[in-house]
Amino acid sequence: MLQDALAGAGYPDRVLVACSGGPDSLALAAVAAYFGRRGHVDGHPVSVGAVVVDHQLQPGSAGVAATTARTLEELGLSPVTVRTVDVASSGAGPEAAARDARHAALEAAADEAGATAILLGHTLDDQAEQVLLGLARGSGTRSLAGMRPARGRLLRPFLGLRRADTLEICRVEDLEPWHDPSNTDPVYARSRTRVEVLPLLEDKLGPGVAESLARTAAILQLDADYLEDVANDTFERLRQQTGEEISLPEAELRDLAPAVRFRVIAKAAAAVGGQQPSYQRLLAAEALLRRQGSAGPVELPGAVSVYRLSLAQLLAAEPSAAAGVPREAARCGKLVFRPQKPPRN
């Protein structure tokens, strides 16, 4: 699996393994160390280092990081670095904040090491849990598509491997992984999914549920990528920008398939500095297309307002032709996306 992942990434010559000391990432480090000792993958030269991120979220985390680093050095990985991060609180929750801090540390470590690939130890079980969490949130295609095998420098070669397999690799390699207590802490939705929900589904529906969920993610990734490409092309074709504002012609928006229309609206909001709107906010913005006359504004996350300008209002605002050169009059109304100004102190 790792060999295929590195081949798909174009055989990077410098690789970093992100290792927490847990069984999944430690097993990945052991497999990567094999190629590091050989010095090549399919004849392409490769060197393998590692980075351990200490989130400082649990007592003794520095000791766990130091022990993990020593184990990685004994496996032959070089260099091995420990990155200590401060996890800032955010509205997205503690897990998302820790993930953001971790990814920033990994990218910085890769930059310093000159690595073009960062290996992550997510397994098929992680992917199945991700799909279940997306279902529970009522998320769209992109969320249900789960984690990508490759995204930028991040590679997840173990997405086809069960968690039990990584434990077996650690046993065979005589490695003693650290078991993060938060993975079984019921305060976290992911932990409840891991310890309670997925085992219950496999007990009641039979074995193979995790594999089916991971297969669903793989199929939806193809669908999501296609829709994303169509939406990107459509947005670039329709967008009209005036200063900080972006507008979209309503007639052409109405003609789009809903799956594309919602994505184009979300892209317009992002283009003026907004965040990904919830489905309810997208519905509210899209409903402006069915209003009579000028309407709105609808507030979207990230301090963005969207409103409808009617054709009559656009024509009234059309300036007179200057220097004998006529201007093309508007032919339909439009949705306008505008960043909100911060309040003055």
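Keep in mind that this is a model prediction, so the values were computed, not measured. (Residues numbered from 1 in each chain as written. Predicted model: local features only at pLDDT ≥ 70, side-chain atom pairs only at ≥ 80, totals over all residues. Heavy atoms only, no water.)

## As for the side chain of R163
Considering the arrangement of structural elements, one finds R163 in helix α7 (residues 163-172). On the basis of relative accessible area, R163 is assigned to the buried category, the value being 16%. For R163, the side chain forms a polar contact with the side chain of D126, separated by 2.9 Å. In this structure, R163 is in contact with D24, T123, D125, D126, E129 and R194, ignoring residues within four places of it in sequence. (Helix = DSSP H or I, 4+ residues; strand = E, 2+ residues; numbered from the N terminus. Buried < 20%, exposed > 50% of the residue type's maximum accessible area, 1.4 Å probe, protein only. Polar contact = N/O pair within 3.5 Å; in protein donor to acceptor, adjacent residues only side chain to side chain. Contact = heavy atoms within 4.5 Å.)

## Some words on the environment of T123
Considering the arrangement of structural elements, one finds T123 in the loop between β6 (117-119) and α5 (124-137). Taking the C-alpha atoms as reference points, T123 and L16, 107 residues apart in sequence, are found 18 Å from one another.

## Focus: the sheet that holds strand β4 (residues 47-54)
Here 6 strands make up an open sheet; going across it, the order is β5-β4-β1-β6-β8-β7 and the pairing mixed. Where the open sheet ends on each side, the last strands, each with one partner, are β5 (80-84) and β7 (150-151). Relative to β6, strand β1 (residues 14-18) is paired through 3 bridges, and the arrangement is parallel. Note that in β6 the partner of V17 across the bridge is L119. Docked against the sheet, helix α3 (residues 61-75) engages β4 and β5, running at close to 170° with respect to β4. (Pairing = 2+ DSSP bridges. Axes fitted to C-alpha atoms, helices over the stretch in contact; angles between N-to-C directions.)

## Some thoughts on the packing of helix α9 (residues 209-238) against helix α11 (residues 258-271)
Remark: α9 packs on α11, axes separated minimally by 9 Å, with the N-to-C direction vectors making an angle of 60°. Overall, the two elements α9 and α11 adopt an arrangement that is oblique. Along this stretch, α9 crosses α11, giving a crossing that reads as right-handed. Every residue of α11 that contacts α9 at L227, E228, V230, A231, N232, T234 and F235 is listed here: A259, V260, R263, V264, K267, A268 and A271. (Parallel < 35°, antiparallel > 145°, perpendicular 65-115°, else oblique. Left-handed = near helix turned anticlockwise from the far one by under 90°.)

## Focus on the packing of aromatic side chains
Counting across every chain of the model gives 2 aromatic pairs. Measuring from ring centre to ring centre gives 5.2 Å for Y34 and F35, while their planes differ by 75°; the resulting arrangement is edge-to-face. Overall, Y34 belongs to the partly exposed group, its relative accessible area being 42%. With a centroid separation of 5.9 Å and 65° between ring planes, the pair formed by F262 and Y279 is classed as edge-to-face. Note that F262 is positioned in helix α11 and Y279 in helix α12 (residues 279-286), a separation of 17 residues in sequence. (Phe/Tyr/Trp six-rings, centres within 6.5 Å; stacked < 30°, edge-to-face > 60°.)

## Comments concerning the pattern of salt bridges
Inspection of every chain in the model, using the stated rule, returns 23 salt bridges. The shortest N-O distance in the salt bridge between E202 and R162 comes to 4.0 Å. Of this pair, E202 sits in helix α8 (residues 189-205) while R162 sits in the loop between β8 (154-155) and α7, and the two are 40 residues apart along the sequence. The class for E202 is partly exposed, based on a relative accessible area of 23%. You can call R162 partly exposed: its relative accessible area is 22%. For E245, the salt bridge is made with R338, and the minimal N-O distance between the two is 2.5 Å. Of this pair, E245 sits in strand β10 (residues 245-249) while R338 sits in strand β13 (residues 334-339), and the two are 93 residues apart along the sequence. The structure contains a network of salt bridges with shared partners spanning D24, D126, E129, R163, R190 and R194. (Salt bridge = Lys/Arg side-chain N within 4 Å of Asp/Glu carboxyl O.)

## Remarks on the nonpolar core
Judged by nonpolar contacts, the single largest core of 31 residues is most densely connected at L6, V17, L72, L75, L77 and L119. Contributions of two or more residues to this core are made by α1 (2-8), β1, α2 (23-38), β4, α3 and β6. Looking at which element gives the most residues to this core, the answer is α2, with 8 residues. If we ignore the near neighbours within four places in the chain, the residues touching L72 are C19, L26, A29, A50, V52, L77 and V80. One finds L256, A269, L289 and L300 within the second-largest nonpolar core, a separate group that totals 27 residues. (Core = buried A, V, L, I, M, F, W, Y, C linked by side-chain atoms within 4.5 Å.)

## Quick word on α8
At V197, α8 shows its strongest bend, of approximately 30°, with the proline P199 following within four residues. Of the positions making up α8, those classed as buried are S191, T193, R194 and L198. Where α8 is buried, its residues contact α5, α7 and α9. Once α8 finishes, G206 follows within two positions and takes phi at roughly 100°, a positive value. (Bend = angle between axes of the 7 residues up to and from the residue.)

## Structural notes on the pairing of β4
The buried count for β4 comes to 7 of 8 residues, which makes it a mostly enclosed element. Of the strand pairs in this sheet, β1 and β4 are connected by 5 bridges, and their pairing is parallel. Paired with V17 across the strands is A50, a residue of β4. Judged from the 5 bridges that link them, β4 and β5 form a sheet pairing that is parallel. Bridged to V51 within β5 is T81. Taken together, β4, α3 and β5 form a β-α-β motif whose crossover is right-handed. (Right-handed = clockwise from strand over helix to strand, strands pointing away.)

## Side note on empty space enclosed by the protein
Using the criterion set out here, one finds 1 cavity of 30 Å³ or more in the structure. Volume-wise, the largest cavity comes out at about 30 Å³. Looking at the largest cavity, the residues that line it are L2, L6, V15, A32, F35, V46, V48 and L119. Of all elements in the fold, only α1 and α2 reach the threshold of two or more residues within the lining of the largest cavity. Of the residues assigned to the lining of the largest cavity, the class counts are 8 nonpolar, no polar and no charged. (1 Å grid on protein atoms, 1.4 Å probe; cavity = no way out; pocket = protein on both sides within 12 Å on 5 of 7 lines; lining within 4 Å. Points joined across faces, edges and corners; volume = space filled by probe spheres on them. Nonpolar A, V, L, I, M, F, W, Y, C, P; charged D, E, K, R; others polar.)

Function cannot be read off these values alone, since they describe shape.
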